[in-house]
Structures are given as structure tokens and as C-alpha cells.
2 protein chains.
Amino acid sequence: MRIAFLGLGKMGSAIAGHLLKGGHDLVVWNRTISRTDELAAQGAKVASSPAQAATGCEFLFTMLMDDAAHEEVLLHPEGAVDALPTGAVHVSLSTISVELSRRLAREHASRNQHYIGAPVFGRPNVAAEGKLWITVAGPQSTLDRVLPLLQSFSRGLSVVGSEPQQAHALKLGGNFLITAMIASLSEGLVYAESQGIDPALYLEAVNDALFQSPFYQAYGKVMLNPPSIPGATITLGAKDTRLFREAAVASHAATPLADSFQQQMDRASKAGLADQDWAAGYYKSVKSESGLG
Amino acid sequence: MRIAFLGLGKMGSAIAGHLLKGGHDLVVWNRTISRTDELAAQGAKVASSPAQAATGCEFLFTMLMDDAAHEEVLLHPEGAVDALPTGAVHVSLSTISVELSRRLAREHASRNQHYIGAPVFGRPNVAAEGKLWITVAGPQSTLDRVLPLLQSFSRGLSVVGSEPQQAHALKLGGNFLITAMIASLSEGLVYAESQGIDPALYLEAVNDALFQSPFYQAYGKVMLNPPSIPGATITLGAKDTRLFREAAVASHAATPLADSFQQQMDRASKAGLADQDWAAGYYKSVKSESGLG
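In this text, all values refer to a predicted model and were calculated from it rather than measured experimentally. (Residues numbered from 1 in each chain as written. Chains lettered and ligands numbered in written order. Predicted model: local features only at pLDDT ≥ 70, side-chain atom pairs only at ≥ 80, totals over all residues. Heavy atoms only, no water.)

**Q** Just checking my understanding: could you explain the environment of Gly 56 of chain B for this structure?
**A** All names here are of chain B. Positionally, Gly 56 belongs in the loop between helix H3 (50-54) and strand E4 (59-62). When the C-alpha atoms of Gly 56 and Arg 2 are compared, they prove to be 7.7 Å apart, with 54 residues separating the residues in sequence. When neighbours within four sequence positions are excluded, Gly 56 is seen to be in contact with Arg 2 and Pro 85. (Helix = DSSP H or I, 4+ residues; strand = E, 2+ residues; numbered from the N terminus. Contact = heavy atoms within 4.5 Å.)

This is how it looks when you write it as C-alpha cells:
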């Protein structure tokens with residue numbers, strides 16, 4: 001089948017590669033055209049615009065940076081949505097706002113197109129291995145068409161509900177728990193040091209004794225040994241925290257912890273840490289404010 | 001060898017049982033004497049006072065409720081410390097303040113006795129299986145004597161340092177991360193519900209996608225399905241949070257997250273939840289304040 005893929009950052013390229021290996025007729029587009037070279041060499045067609053990519057395709061996958069990029073690529077005049085055939089399915093893999101996800105559902109419905117929210121958990125190396133975890137939501141009949149494609153690049157998925165934005169809401173709720181883990185570990189590591197305890201030993205002990213989580217271990221290591229190339233940045237972490245808070249506010253739920261995490265990341269940004277690794281920069285900021293930095 | 005064991009709550013009884021099975025000459029004491037019956041039936045001697053238990057023993061283990069109980073049982077005139085022979089080792093298994101742990105080290109040193117901090121992670125059922133995780137600290141020569149006994153009722157241990165109170169500090173730092181997990185999950189579960197997402201599905205998805213932690217799974221289940229008999233209570237959680245904050249303050253480390261957790265537990269207590277399960281009661285309190293309770 002013909003699949004269009006818009007957005008070939010590290011995540012998008014890896015996922016598009018898996019779809020291509022599945023034997024599909026893949027058409028790719030990216031703002032920076034050089035990012036399409038590798039997939040083109042593997043047999044993908046390269047479109048000159050989002051609309052050209054979407055024309056005549058059965059599935060449209062997007063992995064774009066943020067809400068603004070989605071509006072520009074999808075919803076502007078001559079964007080992909082107007083070019084997408086009736087009956088086609090748009091699968092949004094990105095972490096976007098709940099509000100934008102609702103809007104995309106409406107825009108597609110008004111054109112007799114289908115829309116699925118399917119944001120992914122995992123870093124680029126996990127995407128390359130085809131082992132992302134996907135949270136997916138949308139009407140069952142559309143899900144049935146999409147799930148085999150999603151399974152081709154994931155280790156598992158959670159079906160959240162029948163409304164696409166629920167998948168995006170869950171993704172933001174997952175990222176909130178990552179931020180909460182980072183914030184808690186930051187305070188715990190600073191405390192450990194204040195008690196004359198080696199922070200690395202503290203981390204190992206609490207993970208052995210309690211969490212037994214590869215995720216705590218990996219993030220803790222990043223915090224204690226900041227990577228030269230950040231995974232996600234403080235700026236990206238702050239963006240997702242803002243989207244989490246906005247979704248909660250729209251549904252009248254209080255988020256005092258997320259509010260305090262946002263404030264910490266705002267202070268970290270003002271202190272020049274905006275482009276540092278989300279976890280390592282957060283810890284650095286907390287440590288510095290405690291006078292130990 | 002002759003071992004005295006003071007404090008036969010659910011945790012203490014289970015641990016003392018393992019020491020007894022190790023073939024040692026065990027002398028037990030408990031404030032409520034009926035708690036000694038089962039161990040006596042298995043061959044333990046029952047002492048009529050802490051001092052009588054400590055007299056002539058090589059090791060003294062304590063698993064007592066709180067700082068106040070330690071002062072009364074150990075440090076009051078005719079308490080166990082004055083009765084303990086020169087050269088004997090006191091192993092404190094309880095979660096006590098860093099300050100009390102320092103004081104016990106001084107009291108024992110002044111009597112040419114030895115002192116080891118060895119607080120345990122795990123609930124009574126884990127203690128019964130002999131699978132606690134122990135954080136232990138003290139001088140190496142004393143550790144060498146104690147480790148074989150600790151290994152007889154644990155699945156593993158972390159050696160924290162040469163000062164006994166470091167083990168107690170680490171235990172408080174571990175309990176802080178449990179509270180942080182409970183607080184984060186509480187806010188996340190309330191958020192999920194506000195987004196029309198089944199909280200149980202949210203919990204399962206984030207653990208599958210991210211943490212892959214049996215600990216998150218177990219605590220999340222307790223939060224969504226409050227137990228009829230609480231594991232630990234809000235009151236106990238608040239006590240450990242207070243000890244964490246006091247240890248941090250004494251070392252000039254800021255703990256804004258722990259401060260907010262304490263405030264939440266104080267509000268929960270005022271709302272009548274003091275005796276409810278630590279995790280389930282915390283969630284109930286957060287949910288109620290968000291208008292969803």
C-alpha cells in the first residue's frame with residue numbers, strides 16, 4: 001500500500017525505515033531535503049511538498065517537531081490534509097497537545113478522512129531497533145487497519161480509547177512521570193550527597209531495593225554522567241510539561257507537582273541550561289540551587 | 001552464638017524466625033509478651049526485660065517502632081545498652097533518625113561496644129520469605145562479623161559506608177523516593193481520569209512503556225484498590241518524610257519536594273486519612289482535593 005511519511009528527524013527516519021522494509025510504497029517528505037537521501041537510496045520516493053506526499057496515499061504518518069510544525073505542514077493551505085484522499089488514515093506519531101489532536105480529528109472527519117493518535121515512547125536507538133512502545137487511540141474500525149503497521153516497529157502497544165486525543169493525553173501523562181522521576185532523583189541525589197553517601201551508590205541501592213527498573217537505572221546514570229549529546233533537552237521537557245498542564249487545566253484537574261517541575265525547568269533555562277540534557281540539566285539545576293553544584 | 005532480638009512486630013518476628021532457624025541461641029523480648037509465644041515454641045528464650053535479653057549476648061538486634069521506643073528500650077537506665085557486654089555488636093534494623101543513629105554510635109563506642117546501621121527495605125511478607133534488601137553501614141571489621149547474619153534473611157544488601165548513620169540516611173532517602181512515586185502517581189492518575197482515560201490503563205501503559213518496575217505496578221494496584229489492612233499508614237509515611245527533611249536540614253540540603261509531600265500528608269491526616277494506607281490514602285487525598293474524589 002501507499003504510505004506517506006512526513007518528518008524525518010532521528011525518530012521519523014527510523015520508523016519510516018521499518019515501514020519501507022515492510023514492502024510498502026513509501027513516499028517521504030522532510031523540510032530539510034537531505035534527510036531523505038538515505039531512505040531514497042533504500043527505495044522510498046521523495047515528495048517535494050507535504051501535499052504531494054499525501055496525494056493518492058492510503059496512510060499518512062507524521063513525526064513532526066511540535067504543534068506549530070503540524071499546523072504548517074498539515075493544516076495550512078496546500079498542506080497535507082487537503083491533499084489526503086477520502087477514506088485515508090492519518091496516524092500522528094508525535095507528542096502534540098491534546099487540543100491540536102482534537103482539532104486534527106475534526107479536520108479529518110470533515111473531509112471524510114480518518115485520524116489516529118499513536119505517539120511513541122522510546123529514544124531513537126529504540127526506534128531503530130523497532131522496539132518502541134506505542135499508545136494508540138481512535139475508532140476501532142480504523143485501529144484495525146493501522147495496528148499491523150504500528151506493530152511492525154514496536155515491542156508493544158496500549159490501546160487507550162476510541163478518541164485519538166486520549167493517546168496524546170496518555171503520552172503527556174507518561175512524560176509527566178518521567179519528569180517526576182527526574183525531579184525526585186535530583187532531590188534524592190542531592191540529599192544523599194549531603195549525608196556523605198556516594199550518589200551512585202544511593203541510586204544503585206534504591207533501584208536494587210525498590211524499583212528494580214531499567215528506566216530508573218538508565219536515567220540515573222545519565223544524570224550522574226551527563227551525555228555530550230543530550231537525549232531530550234530541558235526545553236523539550238519543559239514543552240511537554242506545559243502541554244500536560246494545559247490539558248489538565250482544560251479538564252479542571254490540579255497539577256501542583258507539574259507546576260513546580262515547570263518552574264524548576266524555567267529557572268534551569270534562565271541559568272543557561274536550556275539546551276542541556278533534560279535529566280542531567282534538571283539535576284544540575286537542583287544541585288546548584290542547593291549550594292552543592 | 002547468643003543473639004538478643006528486641007521488638008517482635010510483624011517485621012521483627014519474621015527476621016527473628018530466620019535467625020532462630022540459623023541455629024543460634026536466640027533470646028527475645030517484646031513489650032507485649034504474647035508476641036513472643038510463637039518464637040518460644042520454636043525454641044527461643046524469652047527475656048523479661050531488654051536488659052535481661054542483652055546480658056551476655058554477642059549480638060543485639062533491634063526492630064522497634066520509632067526513635068522514642070529506641071530511647072526507652074535501649075538508652076533509659078536499665079535499658080539494653082548498659083547491659084550489653086563489651087565487644088558485642090548492636091545491629092539496628094529500624095528506620096530511625098540520622099541523629100539517633102549517630103547518638104547510638106557514640107553511646108556504644110563509649111562502652112567499647114560496636115554499632116551497625118542495617119535498616120531493611122521490604123514488607124512483612126518479604127521478611128517472612130527472607131528476601132529483604134538491607135542497607136548497612138559501619139566499620140569494616142564489625143561489618144565482617146554481621147554480614148553473614150544479615151545475609152541469612154535478605155536477598156541482597158548495599159554497603160553504604162563506614163558510619164552507621166549513613167545506612168539510616170540512605171533508608172530515609174529510599175523512602176523519600178517511594179513517597180515521590182506515590183505523589184507522582186497520584187497526580188498522574190487524577191490527570192488520566194480528567195482526560196477520560198481509565199486510571200488502571202494509564203498505570204499499565206506507563207509501566208509497560210517506561211518503568212517496567214514491579215514496584216510501580218504493586219503500589220499502583222494498591223492505590224487503585226485500597227487494601228482493607230493498610231501496609232504502612234499515612235502517619236508512618238509522614239514520620240519518615242519528617243525524618244528525611246530533618247536529616248537534610250541538618251546538612252543544609254533543600255528538600256522542596258519532600259516539604260510538599262509532608263504538607264499533602266498533613267492535609268490527608270486532617271481529612272481523617274491518617275490511619276489509611278500510605279499510598280491509597282495519599283491518592284485519595286490528592287483526588288479529593290482535585291474535586292474528583
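**Q** So what exactly am I meant to see when it comes to the pairing of strand E2 (residues 25-29) of chain B here?
**A** The side chains of a regular strand alternate between both faces of the sheet. Residue and element names in this part refer to chain B. Among the 5 residues of E2, 4 are classified as buried, and the element is accordingly described as predominantly covered. Sheet analysis places strand E1 (residues 2-6) next to E2, joined by 5 bridges and oriented parallel. Across the sheet, Leu 6 pairs through a bridge with Trp 29, a residue of E2. Read as a crossover between parallel neighbours, the route from E1 over helix H1 (residues 10-21) to E2 is right-handed. Alignment of E2 against strand E3 (residues 45-46), held across 2 bridges, turns out to be parallel. Bridging across to E3, Val 28 finds its partner in Val 46. (Buried < 20%, exposed > 50% of the residue type's maximum accessible area, 1.4 Å probe, protein only. Pairing = 2+ DSSP bridges. Right-handed = clockwise from strand over helix to strand, strands pointing away.)

**Q** In this structure, what is going on with the packing of helix H10 (residues 199-211) of chain B against helix H11 (residues 214-224) of chain B? I would like to understand it.
**A** Angle between the axes and distance between the axes: these two values describe a pair of packed helices. Residues and elements named next belong to chain B. At a closest axis distance of 10 Å, the pairing of H10 and H11 adopts a crossing angle of 170°. When the interaxial angle is binned, H10 and H11 end up roughly antiparallel. Every residue of H11 that contacts H10 at Pro 199, Ala 200, Leu 203, Asn 207 and Phe 211 is listed here: Tyr 216, Gln 217, Gly 220, Lys 221 and Leu 224. Taken together, the residues of the contact of H10 with H11 sort by class into 6 nonpolar, 3 polar and 1 charged. (Axes fitted to C-alpha atoms, helices over the stretch in contact; angles between N-to-C directions. Parallel < 35°, antiparallel > 145°, perpendicular 65-115°, else oblique. Nonpolar A, V, L, I, M, F, W, Y, C, P; charged D, E, K, R; others polar.)

**Q** Before we go on, may I ask you to explain the relation of the copies chain A and chain B in this structure?
**A** Note that the two copies of the chain are related through a rotation about an axis and a translation along the same axis. Laying chain A over chain B is done by rotating through 180° and shifting 0.0 Å along the axis; what remains is an RMSD of 0.0 Å. What the rotation and shift describe, once combined, is the action of a two-fold rotation axis. For chain A, the minimum C-alpha distance to the rotation axis belongs to Ser 213 of chain A and amounts to 2.4 Å. Both copies present the same face, since 100% of the interface residues in chain A are matched by interface residues at the equivalent positions in chain B. (Least-squares fit on C-alpha atoms with pLDDT ≥ 70 in both.)

**Q** Explain the packing of helix H13 (residues 256-273) of chain A against helix H14 (residues 278-289) of chain A to me, please; I cannot follow it from the model alone.
**A** All names here are of chain A. Between H13 and H14, whose axes approach to 9 Å, the crossing angle comes to 85°. The angle between H13 and H14 places the two elements in the roughly perpendicular class. Contacts between H13 and H14 involve Phe 261, Gln 264, Met 265, Arg 267, Ala 268 and Leu 273 from the first element and Trp 278, Gly 281, Tyr 282, Lys 284, Ser 285, Val 286 and Glu 289 from the second. Per-class residue counts for the contact of H13 with H14 are 7 nonpolar, 3 polar and 3 charged.

**Q** Which parts of the structure should I look at to understand the environment of Tyr 283 of chain A?
**A** Residues and elements named next belong to chain A. The residue Tyr 283 is located in helix H14 in this model. On the accessibility criterion, Tyr 283 (5% relative accessible area) is buried. Counting along the chain gives 111 residues from Tyr 283 to Leu 172, while the straight-line C-alpha distance between them is 21 Å. Setting aside residues up to four positions removed in sequence, Tyr 283 forms contacts with Ser 186, Leu 189, Val 190, Glu 193, Pro 199, Met 223 and Leu 224.

**Q** Help me understand the interface of chain A and chain B, please; the structure alone is not making it clear to me.
**A** As a measure of interface size, the accessible area lost when the parts come together is often cited. Taken together, the contacts link 56 residues of chain A with 56 residues of chain B. Where chain A abuts chain B, roughly 4,700 Å² becomes buried across the two surfaces, and 65% of that area is made up of carbon and sulfur atoms. Per-residue buried area on chain A facing chain B is highest for Leu 177, Glu 187 and Tyr 191 of chain A; these three make up 15% of the total on that side. The interface formed by chain A and chain B includes 0 salt bridges. Taken together, the links from chain A to chain B amount to 25 residue pairs in polar contact (both at pLDDT 80 or more). If you list the elements that add at least two residues to the side of chain A that touches chain B, you get strand E9 (154-161), helix H9 (164-194), helix H10 (199-211), helix H11 (214-224), helix H12 (234-250) and H13 of chain A. Here the element with the most residues in the side of chain A that touches chain B is H9 of chain A; it accounts for 19 residues. (Buried area = accessible area lost by both parts, 1.4 Å probe. Salt bridge = Lys/Arg side-chain N within 4 Å of Asp/Glu carboxyl O. Polar contact = N/O pair within 3.5 Å; in protein donor to acceptor, adjacent residues only side chain to side chain.)

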